[in-house]
Amino acid sequence: MSSTRRLWWGLAALLVASFSVLLWAGGEIFRAAPPIPERVVTESGEMVYTKADIENGRVVWQSMGGMQLGSIWGHGAYVAPDWSADWLHREAVDVLDQWARAEGVATYAGLPAERQAALQARLEPMMRRNTYDAKTGTITITRERAAAVVDVAKHYESLFSSDPVTHALREAYAMKEGTVADAGNRRELTAFFWWTAWAATTQRAVPADAPLVKGGPVDQVVTYTNNWPHEPLVGNRPAPALWGWSLFSVLFLIAGVALLGWWHARVKEDHPLTLPASDPLAMLRITPSMRATAKYFWVVLALFLTQILLGAMTAHFQVEGQQAYGFDLSSVLPYSITRTWHTQLAVLWIAVAWLGTGLYIAPALSGHEPRFQRLGVNFLWVCLLVIVVGSFGGQWMAVMQKLGLKYNFWFGHQGWEYADMGRFWQVFLFIGLMLWLTLVGRALWPVLRSTKDETKPIVGLMFLSTVCIGLFFGSALMWGERTHIAEVEYWRWWLVHLWVEGFFEVFAAAVMSLIFVKLGLVRAKTASTAVLFSTVVFMTGGVLGTLHHLYFVGTPTAVVALGASFSALEVVPLAFIGFEAFHTYRMGKATPWMARYKWMILFFVAVSFWNLVGAGLFGFLINPPLSLYYMQGLNLTALHGHTALFGVYGMLGLGLMLFCLRGLRGQMDWNTAPLKVAFWSMNIGLGMMAVFTLLPIGLMQLLANLQHGYAYARSAEFMNRPIIDMLVWMRLPGDTVFSIGALSLAWFVLRLWVAPRREGAAIDAVTARS
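Here the residue numbering is sequential within each chain, running from 1 through the sequence in written order. Under the rules for a predicted model, residues below a pLDDT of 70 receive no local features and side-chain atom pairs below 80 are neither given nor counted, while totals for whole chains, interfaces and linings still include all residues. With hydrogens and water set aside, each side-chain value is computed from the structure's full complement of heavy atoms.

## A closer look at the overall build of the protein chain
Next, step 1: Comment: elements are numbered from the N terminus, with helices defined as DSSP H or I runs of at least four residues and strands as E runs of at least two. Scanning the protein chain from N- to C-terminus turns up 28 helices and 8 strands.
Next, step 2: As defined in this context, the radius of gyration uses C-alpha atoms, and a globule is described by 2.2 Å times the residue total to the power 0.38. The globule rule puts the C-alpha radius of gyration for 770 residues at 27 Å, and the 27 Å found for the protein chain is close to it.
Next, step 3: Judged by the C-alpha coordinates and their principal axes, the protein chain covers about 95 × 60 × 45 Å.
Next, step 4: Exposure classes here rest on a 1.4 Å probe applied to the protein chains alone. A residue is buried below 20% of its type maximum, exposed above 50%, and partly exposed in between. Burial analysis of the protein chain (770 residues in total) assigns 61% to the buried set.

The structure is reproduced here in structure tokens:
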């Protein structure tokens, strides 16, 4: 017990220290964020944009789908361009073309190489010079830049309308006609795009008393986005700090792996455990509230299948633009809405699987059915359905420009990837999670109060993770409609990284340990120590690893250093994930009656595999600052996202669902042939999707970025080449195999309720035939 107590104190100290530093880093990000000017004027005093234009433009951007149609500062969708990088490149080329025409040549590209170099050397200081006057809140730009702003703005105003001139480009970007219906809104949208590009190319202003380095104060030689994106025309290249901290992150990883390897080497195996002769959970009393959780798993499968369908539609937009096999799909379900629902459903169905597991396992552990528990479970289920239908309806209304800007933030589309639902629905979901926390907590209360139950430390960790899951969703409520984008991104990654990747993972680890303890395969004391230690190891890098998502959103160098160092530690436990996979698989073979849990065990083994490949290998591929500088927003980011989100959290949700179904329908004959098809098809299909499409396109984009700049790697010119179209079509085999697996799983679950057969009846039938 003393070792467990030390781990509890160590975990508490770690969390206090980590969150203190994370909050400090947030303050530094807010302080160093690029300013939003009161006005943008030319050198002659002509007004270009106002603060209201920029802020209203962001509201317009959010209403049309925001990060679900292209990206800003590298965060968002992959089909349309990154609007910050695209504007920056177009503005730079426009200025160069103006100077070329002054020399009698039609375009900059038509000049000799030496004149191109000379004009580029003239352009770089003009674009990077910080002319923001903090006293007046004014940004002053040159006559050439002002003319370029007018030209680029006209292009965007045409693009986001129904202008036939830019129809082909809208098709390439999978944009619907009339993406932004109002002309005034389109003009304000250009103001927001210009400001994000200005921040990406303007050197960061620093206090006069900042420490000096050769060439000037620290951070003065980098833009507000740490020189992101890569754009050779304006001198946007990786800052020296990115190189240094990327190297340090690799050293941190090696050191962490070495230390964890040393710990593994010195840990002694327990004495052999006497295994139960029969399944200890076979006679588990299923309470009314536990039985009521079945509908949660039906919803899981419905949302899962819908997500797959929307994923296929979203991928198809990349090759046909506005259509699907000749049907004008964009006029009914535009790309931005199918991608919104696809990404949101990924989180929702996984979360519902884990919520259902928590509601099922709490009474199973305590044997206690609180009063009105079944009513609470049913009420929460209805609330979840209302949230899904209501938020999705509001998002469709917003993207179709039927809701209006006044109500968009509360009921429409917030535009932030994975946090898209309107604020009303976020508040509703937060209240729902508080109800879930209450339901789980009151069912676990007898165990939490007990002084004799050996599983109390694991149950305590499970309950604390439940508390954190409920409370940390509140980070989605920390920003308002006009909060600075750098501040929104900081809190958004609290939600995406800490809520989904952090506390849900701790919850899952505790639940898995409890399952094995209750099955009699692991001693409670051993499991308590192991799960607490793994939580400490994971949280060591997990909390501050949040900062690796924030390298290029106005983040100062100190925060980049923290993100680089601690995100590397996130990968450390994954280096030894093979031990966990083998241990899990061995438990599945421990005793004959464990055949009842074979496919649950194999889904847990798959979690270990994809943890190593998706979260570990593909995650560290993009984690160091230098890597992410070139890979952010490319298909290599999607490669990590798909293999980690479904491969780890999705597989885990399905494995937990099967465990609950074994209890709910344990007396029924389990024809596991569909489960075999489901397991192998989903794993093979996910691998095909990664290897045939996401990885090769991502590598091609990386090379294009290194050679020509980020804007080109995301451009229609590059992304609509025949080789890219072919690789996108290569998703079809993998998607088909994956879909077969999902349908097989749904069929298996359906048969457990529709025309089921009891185990004894199945055995009698076999005996009679023999």
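Having seen it, we continue.
## Topic: the packing of aromatic side chains
Next, step 1: Geometry of aromatic contacts follows a simple scheme: Phe, Tyr and Trp rings, the Trp one being its six-membered ring, pair when their centres are within 6.5 Å, and the pair is stacked under 30 degrees between planes, edge-to-face over 60, tilted otherwise. Per the stated rule, a full pass over the model turns up 55 aromatic pairs.
Next, step 2: Ring centres of Trp87 and Tyr156 lie 5.3 Å apart, and the angle between their planes is 10°; on these two criteria the pair is classed as stacked. In this pair, Trp87 sits in helix α3 (residues 83–102) while Tyr156 sits in helix α5 (residues 143–159), placing the two residues 69 residues apart along the sequence.
Next, step 3: Accessibility expressed as a relative area gives 0% for Trp87, which makes it buried.
Next, step 4: What makes Tyr156 buried here is its relative accessible area of 1%.
Next, step 5: Between Phe472 and Trp494, the aromatic rings sit 5.9 Å apart at their centres with planes inclined by 15°, giving stacked as the arrangement. Placement of the pair is Phe472 in helix α15 (residues 456–472) and Trp494 in helix α16 (residues 485–518), with a sequence separation of 22 residues. Like Trp494, Phe472 is buried.

## A look at the pairing of strand β6 (residues 138–141)
Next, step 1: Pairing between strands is defined by DSSP: at least two bridges between them are needed. Direction of pairing for strand β1 (residues 39–42) relative to β6: parallel, over a ladder of 4 bridges. Each bridged residue has a counterpart across the sheet, and for Val41 the counterpart in β6 is Thr140.
Next, step 2: Looking at chain direction, strand β5 (residues 132–133) and β6 are connected through 2 bridges and run antiparallel. Considered in β6, the bridge of Asp133 is made with Thr138.

## Quick notes on the nonpolar core
General note: in soluble globular proteins, nonpolar side chains tend to be found buried as a group.
Next, step 1: Of all hydrophobic cores here, the largest spans 261 residues; its most connected members are Trp83 and Phe193.
Next, step 2: The dominant element in this core, judged by the number of residues it contributes, is α16, at 24 residues.
Next, step 3: When checking whether two residues touch, look at their non-hydrogen atoms; a contact exists if any pair is within 4.5 Å. If sequence neighbours within four positions are ignored, Trp83 has contacts with Trp61, Leu69, Gly70, Ser71, Ile72, Tyr156, Leu159, Phe160, Tyr173, Met175 and Phe193. Joining through side-chain atoms within 4.5 Å is the link that ties buried Ala, Val, Leu, Ile, Met, Phe, Trp, Tyr and Cys residues into a set, and such a set is a nonpolar core.

It is worth stressing that arrangement in space is one thing and function is another; only the former is reported here.
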